[in-house]
Amino acid sequence: MWNRVINGLNWLLVANLFFVLASFGWFATAVIGRGLNVNLGLDIWYSLWMPIFQPAIGILMAGAIAIGVLRWVSNKLAALRES
């Protein structure tokens, strides 16, 4: 059962990682566009920073910590079962 939970969380974290990477790509492109006086949506990106992108980064970090803790606990429980 733990393996299914961990695999599900891993899948969600991978999807979240790609979302965060895509949002960074949009940000970098928009900053370059701003430098070239081309509107590529930097103002829209800034308006979405607090409600969307910042929580996505927080979820990614918290999820990575949670996965590490869950694996550590499952390894300790497996070691107790073997002995």
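Up top is the structure.
To start, this report covers the structure provided alongside it. What you are looking at is a predicted structure, and each value in this text was computed from that prediction instead of being measured.

### Side note on the overall build of the chain
1) Next: Tallying secondary structure elements over the chain gives 2 helices and 0 strands in all.
2) Next: Taking 12 Å as the expected radius of gyration for a compact globule of 83 residues, we find that the chain reaches 19 Å, considerably beyond that expectation.
3) Next: Taking the principal axes of its C-alpha atoms as reference, the chain extends roughly 65 × 20 × 15 Å.
4) Next: Burial statistics for the chain: of 83 residues in total, 19% are counted as buried.
5) Next: Taking the contacts inside the chain whose residues are at least 6 apart along the sequence as the reference set, 57% of them involve residues at least 24 apart.
6) Next: Looking at the chain as shown, the accessible area adds up to about 6,300 Å², and 72% of this sits on carbon and sulfur atoms.

### Details of the pattern of salt bridges
1) Next: For the structure shown, the criterion picks out 1 salt bridge.
2) Next: Notably, a salt bridge pairs R34 with D43, separated by 3.0 Å at the nearest N-O pair.

The rules behind the values
- Residues numbered from 1 in each chain as written.
- Predicted model: local features only at pLDDT ≥ 70, side-chain atom pairs only at ≥ 80, totals over all residues.
- Heavy atoms only, no water.
- Helix = DSSP H or I, 4+ residues; strand = E, 2+ residues; numbered from the N terminus.
- Rg over C-alpha atoms; globule rule 2.2 N^0.38 Å.
- Buried < 20%, exposed > 50% of the residue type's maximum accessible area, 1.4 Å probe, protein only.
- Contact = heavy atoms within 4.5 Å.
- Areas by Shrake-Rupley, 256 points an atom, 1.4 Å probe, with all protein chains shown as cover.
- Salt bridge = Lys/Arg side-chain N within 4 Å of Asp/Glu carboxyl O.

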